[in-house]
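Report on the structure
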Amino acid sequence: MQLPKLDHRLQTAVPFVREGATVADVGTDHAYLPVFLTGTGQARFAVASDINEGPIERAAQHVAEYGLSDKVKTVRADGLAGLEEYRPTDIIVFGMGGELIVRILRDAPWVKDPAIRLILQPMTHAECLRRYLAEEGFATVGEVLSREGGKIYQTVVAAYNGTPQSIDALTAELGRFATAKNEEEPLRAPLIAHRIEVLEAAAAGKEKAGRDTGAERAFIARLRECL
Ligand SMILES: C[S@@+](CC[C@H](N)C(=O)[O-])C[C@H]1O[C@@H](n2cnc3c(N)ncnc32)[C@H](O)[C@@H]1O
């Protein structure tokens, strides 16, 4: 059977998953990534986990349809709770808010292991995630962008190296795209433009409520200078 076709956002995980990996896909929903990665043989085994019953049922059905039930274990779990026993080498957390991803990582201190790779795609608050990773001693392994349905998504890949760092606001917001050249990454300018739009809408809301937005406006001006 032909493997599922991954959209651009999900595809960004694939090159970062190491050959022979044991994958944990947290918040798997349909288990598209575990099916794809074990179906191609890139991953040796995968745990597809989700906090909700509906997604886990969907995931198990999908895995069975592809005849991969011996390679993908579906598990109902909150974040990484209980997943340590599968000894995942490559952990994927895609399609959740950045603050929730931080909470999931904070609750699983065992991911502070240089052998474990974290492949993360925050839907919101990428800046919280990058700040947490840097301050907790995770080094960035790679960063890529994707476009899906008119939105730009950031994928951040990291591994623990035990050297905490503080990062500035621009790096937290854009990672390597704060300084990269537009020619190198065609989605860089659309990402920055999108972030300006989101932050401007938030600032306008605050102003309407009579609150000061000096800091927000200054940050938006710095983002404009990056374009
Ligand atoms: C928007 S879907 C993303 C699905 C898939 N990872 C993707 O990127 O296309 C978010 C999924 O995360 C699950 N989820 C939310 N909070 C979770 C948590 N604390 N632990 C595990 N799964 C969670 C939801 O049930 C849902 O299936």
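Scroll up to find the structure.
Here goes a summary of the coordinates provided. As the structure is a computational prediction, the values presented were derived from the model and not from experiment.

Before going further, it helps to examine the site of the ligand. Near the ligand, the surroundings consist of 16 residues, among which Arg9, Gly27, Asp50, Asp78 and Gly79 are the closest. In the model, an oxygen atom of the ligand is placed 2.7 Å from a nitrogen or oxygen of the arginine 9 side chain. Side-chain polar atom of aspartate 50 to an oxygen atom of the ligand: 2.5 Å apart, as the coordinates give it. With the chains in place, 78% of the 600 Å² that the ligand exposes on its own is no longer accessible. When contributions to the shell around the ligand are tallied by element, the ones reaching two or more residues are α1 (8-11), β4 (90-96) and α4 (98-106). Counting residues per element, the shell around the ligand draws most heavily on β4, at three residues. Its residues assigned to classes, the shell around the ligand comprises seven nonpolar, four polar and five charged.

Glancing now at the environment of leucine 10. Looking at the element boundaries, leucine 10 is found in helix α1. Note: C-alpha distance between leucine 10 and leucine 33 (23 residues apart in sequence) is 7.2 Å. In contact with leucine 10, not counting residues within four places along its chain, are Tyr32, Leu33 and Phe94.

One open sheet holds the seven strands; their spatial order is β3-β2-β1-β4-β5-β7-β6, and the pairing between them is mixed. The strands lining the two open edges of the sheet, one partner per strand, are β3 (72-76) and β6 (138-148). Taken over all neighbouring pairs, the strand axes of this sheet differ in orientation by 15° on average, direction set aside. As defined by bridge partners, β6 adjoins strand β7 (residues 151-160) across ten bridges and the pair is classed as antiparallel. Residue pairing across strands places alanine 139 opposite alanine 159, the latter belonging to β7. The strands touched by helix α2 (residues 32-39) are β1 (21-26), β2 (43-50), β3 and β4; relative to β2, the strand with the most contacts, the crossing angle is about 170°. Strands in contact with helix α3 (residues 53-65) are β2 and β3; relative to β3, the strand with the most contacts, it is inclined by about 170°.

About the criteria used
Residue positions are counted from 1 within each chain, in the order its sequence is given. Totals for whole chains, interfaces and linings use all residues, but because this is a predicted model, local features are given only for residues with pLDDT of at least 70 and pairs of side-chain atoms are given and counted only at 80 or more. Heavy atoms from the whole structure form the basis of all side-chain values; hydrogens and water molecules are not counted. To be near a molecule or strand, a residue needs just one of its heavy atoms within 4 Å of it. Think of a polar contact as two N or O atoms within 3.5 Å of one another; within protein, one of them needs to be a possible hydrogen donor and the other a possible acceptor, and neighboring residues in sequence only count if both atoms come from side chains. Throughout, the Shrake-Rupley method with a 1.4 Å probe supplies accessible areas, and for residues the shown protein chains are the sole cover considered. Numbering of helices and strands runs from the N terminus; a helix is a DSSP stretch of H or I covering at least four residues, while a strand is a stretch of E covering at least two. Each residue gets one label: Ala, Val, Leu, Ile, Met, Phe, Trp, Tyr, Cys and Pro are nonpolar, Asp, Glu, Lys and Arg are charged, and the others, such as Gly, are polar. Residue contacts are defined here by distance: any two heavy atoms, one from each residue, within 4.5 Å place the two residues in contact. At least two DSSP bridges between two strands are required for those strands to pair. Axis definition: a line fit to C-alpha positions, over the contact stretch in the case of helices; interaxial angles, taken between N-to-C directions, run 0 to 180 degrees.

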